[in-house]
Amino acid sequence: MLKLKYFCPVLLLILSCQRPEKNVTFKGVWVEKAVLENKDKVETVDSLARFPLILFEKEEADSVLFYYDRSKRSVYWAEYAYKSYFVHFDKHNEYFLTPDYTTGELVFSNLKDDEFYRFVKVEPGLTRAEVLNPAFDIDVFIHSLK
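Residues numbered from 1 in each chain as written. Predicted model: local features only at pLDDT ≥ 70, side-chain atom pairs only at ≥ 80, totals over all residues. Heavy atoms only, no water.

## Re the overall build of the chain
- Of regular secondary structure, the chain possesses four helices and eight strands.
- Each helix and strand of the chain, ordered N terminal to C terminal, gives the series α-β-α-β-β-β-β-β-β-β-α-α.
- Here the chain holds 146 residues, and the buried ones make up 40% of them.
- A separation of at least 24 residues holds for 50% of the contacts in the chain among residues at least 6 apart in sequence.
- Carbon and sulfur atoms form 57% of the exposed surface of the chain, whose accessible area is close to 9300 Å². (Helix = DSSP H or I, 4+ residues; strand = E, 2+ residues; numbered from the N terminus. Buried < 20%, exposed > 50% of the residue type's maximum accessible area, 1.4 Å probe, protein only. Contact = heavy atoms within 4.5 Å. Areas by Shrake-Rupley, 256 points an atom, 1.4 Å probe, with all protein chains shown as cover.)

This is the structure we're talking about:
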């Protein structure tokens, strides 16, 4: 009987220390976290990130759109496996887009160059045609986000 007396408080302590996992769905627009955190400090988004925006058109898609700057937007072949994406910017290197279930963020990793970026999902969403449109202004889009 004495053991049960201590079992319940220990169980409650263990359960209270666990962080809840956030459901991460890829579909949508992801913006680099540093860009959002500094959107009011810098005039142009292009100067902050290698690619400030990633677009997934659907879950488990076979391609991902990366917005680099006003003159470069690329759609790359991607493979969805193990609840992550493996993206091929070139034929020699594979890059990873992995969800962080504790924060709900998306982590881009280039293990070859020790490069890591964190992305957060933003609303409103965009379509591929809107991002590829030459008139799309990422500065206006970023500054319109709350």
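## Digging into the packing of aromatic side chains
- With the rule as written, the count across this model stands at 21 aromatic pairs.
- Measuring from centroid to centroid gives 5.0 Å for Phe51 and Phe108, while their planes differ by 85 degrees, and the two rings are edge-to-face. Highlighted residues: Phe51 in the loop between helix H2 (33-37) and strand S2 (53-56) and Phe108 in strand S7 (residues 105-110), separated in sequence by 57 residues. For the pair formed by Phe51 and Phe108, the shared burial category is buried.
- In this structure, Lys72 is placed above the aromatic ring of Tyr68, and the distance from its NZ or CZ to the ring centre is 4.2 Å. (Phe/Tyr/Trp six-rings, centres within 6.5 Å; stacked < 30°, edge-to-face > 60°. Lys NZ or Arg CZ within 6 Å of the ring centre and 35° of its normal.)

## Remarks on the pairing of S2
- Side-chain alternation along S2 places Leu53 and Leu55 on one buried face and Ile54 and Phe56 on a second face that is also buried.
- Looking at chain direction, strand S1 (residues 28-32) and S2 are connected through four bridges and run antiparallel. Looking at the pairing, Val31 lines up with Leu53 of S2.
- Strand direction decides the pairing type here: S2 and strand S3 (residues 63-69), joined by three bridges, are antiparallel. (Pairing = 2+ DSSP bridges.)

## Some points on the nonpolar core
- Core analysis: the biggest nonpolar cluster contains 21 residues, and Phe51, Ile54, Phe56, Phe66, Tyr85, Phe89 and Leu97 have the highest contact counts within it.
- Mapped by element, the contributors of at least two residues to this core are S2, S3, strand S4 (72-81), strand S5 (84-87), strand S6 (95-100), S7 and strand S8 (115-122).
- Examining the composition of this core, we find that three residues originate from one element, S3, more than from any other.
- Counting 16 residues, the second largest nonpolar core, distinct from the first, contains Leu53, Leu126, Ile142 and Leu145. (Core = buried A, V, L, I, M, F, W, Y, C linked by side-chain atoms within 4.5 Å.)

## With respect to the sheet that holds S1
- With antiparallel pairing, eight strands are arranged side by side around a closed barrel as S1-S2-S3-S4-S5-S6-S7-S8. Direction aside, the axes of adjacent strands within the sheet are offset by 30 degrees on average.
- The pairing of S3 with S4 spans six bridges and is classified as antiparallel. Residue pairing across strands places Tyr67 opposite Arg73, the latter belonging to S4. (Axes fitted to C-alpha atoms, helices over the stretch in contact; angles between N-to-C directions.)

## A short note on the pairing of S6
- Taken together, the three bridges between S5 and S6 define a ladder with antiparallel strand orientation. Its bridge partner lying in S6, Val87 is registered against Tyr95.
- Sheet topology note: the S6/S7 ladder contains five bridges and is antiparallel. Bridge pairing in S7 places Thr98 opposite Val107.
- A loop of four residues connects S6 with S7, the two strands running antiparallel in sequence, and Gly104 in this loop sits at a positive phi of about 80 degrees.

Keep in mind these numbers describe shape, not what the thing actually does.
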